[in-house]
Structure formats: C-alpha cells, structure tokens
Amino acid sequence: MSLNEELFNRAKKSIPGGVNSPVRAFNAVGGIPRFVKRANGPYFWDANSKKYIDYIGSWGPAIVGHANPEVIEAVQKSAHNGLSFGAPTELEILMAEEICKLVPSIEQLRLVSSGTEAVMSALRLSRGYTKRDIMIKFEGCYHGHVDAMLVKAGSGLSTFGKPSSSGVPKNFSSHTIVLEYNNSEFLEKTFKEIGSSIACVILEPIAGNMNFIRGKDEFLKTARDLCTKYGSTLIFDEVMTGFRVAKGGVQSIQNIIPDITVLGKVIGGGLPVAAFGSRKEIMSCLSPEGPIYQAGTLSGNPVAVTAGLTTLKILQKPNFFENLSKNSNKLVRGIVEIAKEKNIKMCGDSLGGMFGIFFLESLPTNYSQIIKFNNANFNKFFHLMLDEGVYFAPSAFEAGFISSDHNEIIIDETLKKVKNVLEKMSKENLSTNLT
Ligand SMILES: *Cc1c(COP(=O)(O)O)cnc(C)c1O
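Everything numeric in this text was worked out from a predicted model, so none of it was measured.

For strand β16 (residues 354-358), a buried count of 5 out of 5 residues is recorded, marking the element as mostly surrounded by other parts of the structure. Burial along β16 is two-sided: Met354, Gly356 and Phe358 facing one way and Phe355 and Ile357 facing the other are all buried. Pairing of strand β15 (residues 347-351) with β16, which is carried by 5 bridges, proceeds in the antiparallel orientation. Of the residues in β16, the one forming a bridge with Gly348 is Ile357. Two successive antiparallel strands, β15 and β16, enclose a turn made up of 2 residues, where Gly352 displays a positive phi of approximately 55°. Sheet analysis places β16 next to strand β18 (residues 400-401), joined by 2 bridges and oriented antiparallel. Across the sheet, residue Phe355 finds its bridge partner in β18, namely Gly400.

This is how it looks when you write it as structure tokens:
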C-alpha cells in the first residue's frame, strides 16, 4: 500500500471522506488522493516523495509559485510580531489601499477570511442597500457554500431555485433565481417580470467553477445595463479571477464596472484572506457606520495580510501577467495541437494564469454544454498525467492554474508528457467517442 493510501485510510477515520474540502477526495476521477508533503515553485511532492508539476496552485492562490522566498520571509517576520490582535493595524490600511488602487470599482473594502464569507457579506450588503430580497445567480457559477447560493434551477424561467445541498431549508433558496450563463435573453425576461424586486445579480465574469468559460461581452454588458436600469446591484465574484487573469481582475479588461466586487484566493497569497468592496455610498451601509451587520475575529489578520500584500507587490512587476498569459496559452495550444495530431477532439482557452482544457470539439459557453464533456476520457487523461508526474485538477469541471514559476521549460516538459499520454489514449482507443 502506498503512503498516500495509508494516509487516506487513516484520514477517513477522523475526517469525513478524509478531506477538508470535497474536491480533494478524487471522487470525480476515482483513485487515491495525493497527500502533499511539501511544495516549491511549480512543484509539490506527495507522501511517497513523488514529484509533480502542480497545475492547481492551491486552486489559485499560489500565483507567485509555492513557498515563494519573498512571501515566506515576510510571513516569518510578521509572525514574530504576534499572530492576531483583534484591534486595527496599519497593515490592513496598506492592503485596502493596494486593492483600491488596482481594482477599478472598489473605493472601500472589508477584509474577511474566506471567499464564502466574502460572498455571504456581499449578498447581505446588496440586500440591505437595495432593501430587496431576490437574487439572481447562474447555473455552473460557484459562490462558496453560502446557503442561498447552494441552489439549482427551478422548473420555469423565473421560478425560484431548489436547494442543491441537503441541510438548506427550502425557504433559504426561495429568494434565489438560477438562470443560464451567457443567456442575455433569459436575464432580460426575468428583469421585465420582477426587476423592481431584484436585489442583485451575482456572477463569475469568467466562470472558473465549470472549468473555464468566459462571460460574453454582450452578456456582461446586459447584466450591467439591467442592474442600472432597475436599481439592482451587480456583484462580480472575482474570488478566482481577481489578480489571477489580470492585475485588476476581469473588470479591468472588460470595462464593466460592477457595484460590488468579491475577492479571495490570490489576495491571501496562500493564507486565509478574502474581501468585498464597492463604492463608498454602498460600503458606508455597513456596521459601525450603517445598519448592515458584518464582523470577524480574524478579519484582516496581520500574518495573512502580509502574505497577501507581498504577493500583490510581486504580481505588479513588469510583464508579470503578459508572461503568465504567454505560458498558459503555450500550454493550452500545445495540448490542443498534440490532440489534433492524434485525432482526439480537444479544445481549450486561457487568460493570465488560468486555463481550461476540454474533451469537446468547441469551447462551451454554459453549464449544459460543459456537462456533455466526456468524463471517461478526462479521467483516463487525468490519471495517466498523474503517473507522469503532472497534477491537473481532479475534476473535468475545474479550471487549471499556472504560476510565474511555470516557465517555458516547465511547459515544454509538461507537453512532452501530454504527448505520451494522448498517444497511449489514441492507441488504446479507450472510449469509442474519443475521436
Ligand atoms: C473559491 C471560490 C469561492 C469560495 O471561496 P472559499 O475561500 O473557498 O470559501 C467563491 N467564489 C468563487 C468564484 C470561487 O472560485
């Protein structure tokens, strides 16, 4: 039995499913999850000391590479000054100023400790500000495990959703409408019917939780215009895309200004930091200035903020995102080219340090298209890549991530391994609809 398997069996005794977040358990792809011993740059090593090129990067945060020396040194220094005070620090101001400078829509922000917490607070803020209850979300977008966001589509267009998790009361989801991503027509119809009761539209401007699907310009613009027209708030959940696809998130390249922005992942540089921000007018509704309550014992934690700030400083170096884009594009184009040579239908897309690869003929634009994905082929691909020492996300519905340490040499090495794997797959012709 491998050490990973031993650890997994032991973990299952004291932790449900052996993991502290479900996707880590490999349920979608089968097999034994790898227990990470340590990580450095683009690599991590598992319990058997097997080395992998890591294309998850902690699901986004590790954008400057694992155990980046600048980040580690700053964190160590900060830890020596104490771990948490429950009183304000200058570090929090520096962090807020940095984010306000870089994200066009944010004049003020609050720091919290997880993306879920930030989304939950943003939703309350939008409801308190508009004095309305109804929220619109889109199928396939993930906004953390907030009760009212664990909702699947109802039976009709503007009908309310149903809980997608046990333990969520029906009436908690009864204010959430779930619509199809990238479908402006459905959104317009819904606003026409009940626009004056809609508190917010929340979306991932590039959806990273159904692999990698771009919000179309026209769809994002329609959402913006409708929210303005009906006095609803537009919330961009940039927990994944913020400082990941571009310095100021998707909004900085799309020229669409949301009312509220939610950030997480990268802004903590690997420690628990998330944030939600908006215009002063909206943010001043929060306690202690206004009537909307929001708080947190560890919010703005000095050590976590230090990791985040140091990461944000590094990613502002010249050409940081240009290089990420170049390398993620090289990876995706390389994989698609190899697949083509082997007569395997694949396509892909990327931006900055984020990418998606699909066993599909053309890029999907919504959830119902992505679920046509050939899972059997993906799972085979995933496990063969793992054997080769390349760790992609253990689910066909998750995006991939690179760091600034994933240079051309690492990408070339990965592509060589992809070539071996796709060659094997095309020879074995494992699934009849592979080609
Ligand atoms: C990861 C993620 C969240 C949840 O963040 P956690 O820190 O895991 O709670 C919310 N929204 C999006 C878009 C995410 O990718």
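Attention shifts here to the site of the ligand. The full set of residues close to the ligand is Ser114, Gly115, Thr116, Tyr142, His143, Gly144, Glu204, Asn209, Asp237, Val239, Met240 and Lys265. With respect to the ligand, the backbone of Gly115 contributes an N or O atom lying 2.8 Å from an oxygen atom. Within the complex, the protein chains bury 82% of what would otherwise be the 380 Å² of accessible surface of the ligand. Looking at the shell around the ligand residue by residue, the classes come out as 3 nonpolar, 6 polar and 3 charged.

This part covers the nonpolar core. Of all hydrophobic cores here, the largest spans 105 residues; its most connected members are Tyr55, Phe138 and Phe381. If you tally residues by element for this core, the top one is helix α11 (residues 320-341), at 8 residues. Dropping the residues within four chain positions of it, Phe381 is found in contact with Ile357, Phe359, Phe392, Val418, Val421, Leu422 and Met425. Core analysis: the second largest hydrophobic core is formed by 23 residues, Ala122, Leu123, Ala148 and Cys200 among them.

The rules behind the values
Residues numbered from 1 in each chain as written. Predicted model: local features only at pLDDT ≥ 70, side-chain atom pairs only at ≥ 80, totals over all residues. Heavy atoms only, no water. Buried < 20%, exposed > 50% of the residue type's maximum accessible area, 1.4 Å probe, protein only. Helix = DSSP H or I, 4+ residues; strand = E, 2+ residues; numbered from the N terminus. Pairing = 2+ DSSP bridges. Near = heavy atom within 4 Å. Polar contact = N/O pair within 3.5 Å; in protein donor to acceptor, adjacent residues only side chain to side chain. Areas by Shrake-Rupley, 256 points an atom, 1.4 Å probe, with all protein chains shown as cover. Nonpolar A, V, L, I, M, F, W, Y, C, P; charged D, E, K, R; others polar. Core = buried A, V, L, I, M, F, W, Y, C linked by side-chain atoms within 4.5 Å. Contact = heavy atoms within 4.5 Å.

Everything listed is a geometric property; what it means functionally is a separate question.
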